[in-house]
Amino acid sequence: MKIYGRATSFNVQKVLWFLDELDISYEHIELGGRFGGLDTGEFARLNPMKKVPLLVDGDKIIWESHTILRYLAASYGGSQWYTDNAYERSLYERWMDWSHLIFQPAFMGTFWGYYRTPTSKRDMAKVNYELKTCLECLNTLNEVLSKSEYLTGQSITLGDICVGSVIYRLISQGLTVELPFNVAQWYETLKSRDGYKKWIMSDYSELKGREAY
Ligand SMILES: N[C@@H](CCC(=O)N[C@@H](CS)C(=O)NCC(=O)O)C(=O)O
């Protein structure tokens with residue numbers, strides 16, 4: 001199995017973390033960002049979007065990070081990560097979608113507007129607007145996490161992988177973000193997982209002030 005994408009990419013990190021959770025052996029190929037390589041015809045044949053992550057599993061080619069996660073869970077995750085019951089799946093899939101549609105874009109707004117923009121060019125009103133949405137998301141998460149250890153119960157799911165991946169960068173990029181109590185506890189639990197430490201909590205300082213991918 002091959003996973004393509006630079007380890008500093010937030011969307012790639014989720015997949016790398018999950019591959020480690022599944023204890024799957026894989027080859028990681030750094031691509032995109034300072035590594036380049038996304039504009040070649042060869043890569044476009046694998047992913048017409050010319051983005052990472054991209055997973056190649058034998059003759060199967062999969063792009064879009066959450067689709068890759070679903071594919072891996074269904075193919076290799078066993079009953080711990082995947083259930084045939086559509087309703088039970090929806091309990092964690094809604095968090096994956098919410099993360100991609102609401103939480104992650106707001107976080108990305110702060111990350112691009114603040115961390116990836118040189119100080120002199122920052123529009124802090126815009127950054128603070130996105131940050132406000134992030135804080136509202138954290139408060140919602142806090143309520144949900146007052147009832148269970150993970151987002152959908154007492155064990156980790158893909159929902160925690162997707163939403164949890166946002167937390168480290170959100171609080172470590174230099175903006176003031178205080179995690180509400182239950183979110184902070186959940187974050188401590190995620191931090192105890194090897195894949196979270198290795199991939200999500202990795203150094204991304206090369207992206208500071210870097211406006212190009
Ligand atoms: N929705 C896509 C987003 C893919 C995406 O935008 N990837 C970025 C990295 S996070 C990318 O490939 N950027 C070009 C680059 O890194 O050179 C996914 O979740 O996979």
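The text that follows walks through the structure, step by step, so that each part is easy to find.

Cut-offs and rules
Residues numbered from 1 in each chain as written. Predicted model: local features only at pLDDT ≥ 70, side-chain atom pairs only at ≥ 80, totals over all residues. Pairing = 2+ DSSP bridges. Helix = DSSP H or I, 4+ residues; strand = E, 2+ residues; numbered from the N terminus. Axes fitted to C-alpha atoms, helices over the stretch in contact; angles between N-to-C directions. Near = placed C-beta within 6 Å. Nonpolar A, V, L, I, M, F, W, Y, C, P; charged D, E, K, R; others polar. Expected span 1.5 Å × (residues − 1). Buried ≥ 20, exposed ≤ 12 C-beta atoms within 10 Å, placed from the backbone. Arc of directions from axis to C-beta. Contact = placed C-beta atoms within 7 Å. Parallel < 35°, antiparallel > 145°, perpendicular 65-115°, else oblique. Core = buried A, V, L, I, M, F, W, Y, C linked by C-beta atoms within 7 Å. Domains from an automatic or database assignment.

## Concerning the sheet that holds strand β4 (residues 60–63)
Alright, step 1. Reading across the sheet, the four strands line up as β2-β1-β3-β4 and stay open at both edges, with mixed pairing between neighbours. Every other strand in the sheet has two partners, leaving β2 (27–29) and β4 as the edge strands with one partner each. Taking the axes of each pair of neighbouring strands and ignoring which way they run, one obtains an average angle of 15° across the sheet.
Alright, step 2. Where strand β1 (residues 2–4) lies against β2, three bridges are found, and the strand directions are parallel. For K2, the partnering residue across the bridge sits in β2 and is E27.

## Considering the site of the ligand
Alright, step 1. Close to the ligand lie 13 residues; S9, G32, K51, S65 and Y213 are nearest.
Alright, step 2. Residues belonging to the shell around the ligand are distributed by class as follows: five nonpolar, five polar and three charged.

## Here we look at the environment of R70
Alright, step 1. Structurally, R70 can be placed in helix α3 (residues 65–76).
Alright, step 2. Spatially, the C-alpha atom of R70 lies 28 Å from that of S172, the residues being 102 residues apart in sequence.

## Side note on α3
Alright, step 1. Its twelve residues place the ends of α3 16 Å apart at the C-alpha level, agreeing with the 16 Å of an ideal helix rising 1.5 Å per residue.
Alright, step 2. The complete set of buried residues in α3 reads S65, I68, L69, L72 and A73. Summarising the axial view, the buried residues of α3 lie within an arc of 130°, below the 170-degree limit, and thus occupy one face.
Alright, step 3. Summarising the contacts, the buried residues of α3 are in contact with α1 (10–21), β3 (54–57), β4, α4 (78–81) and α7 (158–172).
Alright, step 4. G78 lies just past α3 and shows a positive phi near 60°.

## Section: the packing of helix α6 (residues 124–144) against helix α8 (residues 181–191)
Alright, step 1. Two elements in contact, α6 and α8, have axes separated by 7 Å at closest approach and are oriented at 80°. Relative to α8, the element α6 is oriented roughly perpendicular. On α8, the residues that touch L138, L141 and N142 of α6 are F181, N182 and V183.
Alright, step 2. Looking at the contact of α6 with α8 residue by residue, the class counts come to four nonpolar, two polar and no charged.

## Digging into the nonpolar core
Alright, step 1. In this structure, V15, L69 and L158 are the most contacted members of the largest nonpolar core, which totals 53 residues.
Alright, step 2. The two domains that each donate at least three residues to this core are domain 1 (2–79) and domain 2 (83–201).

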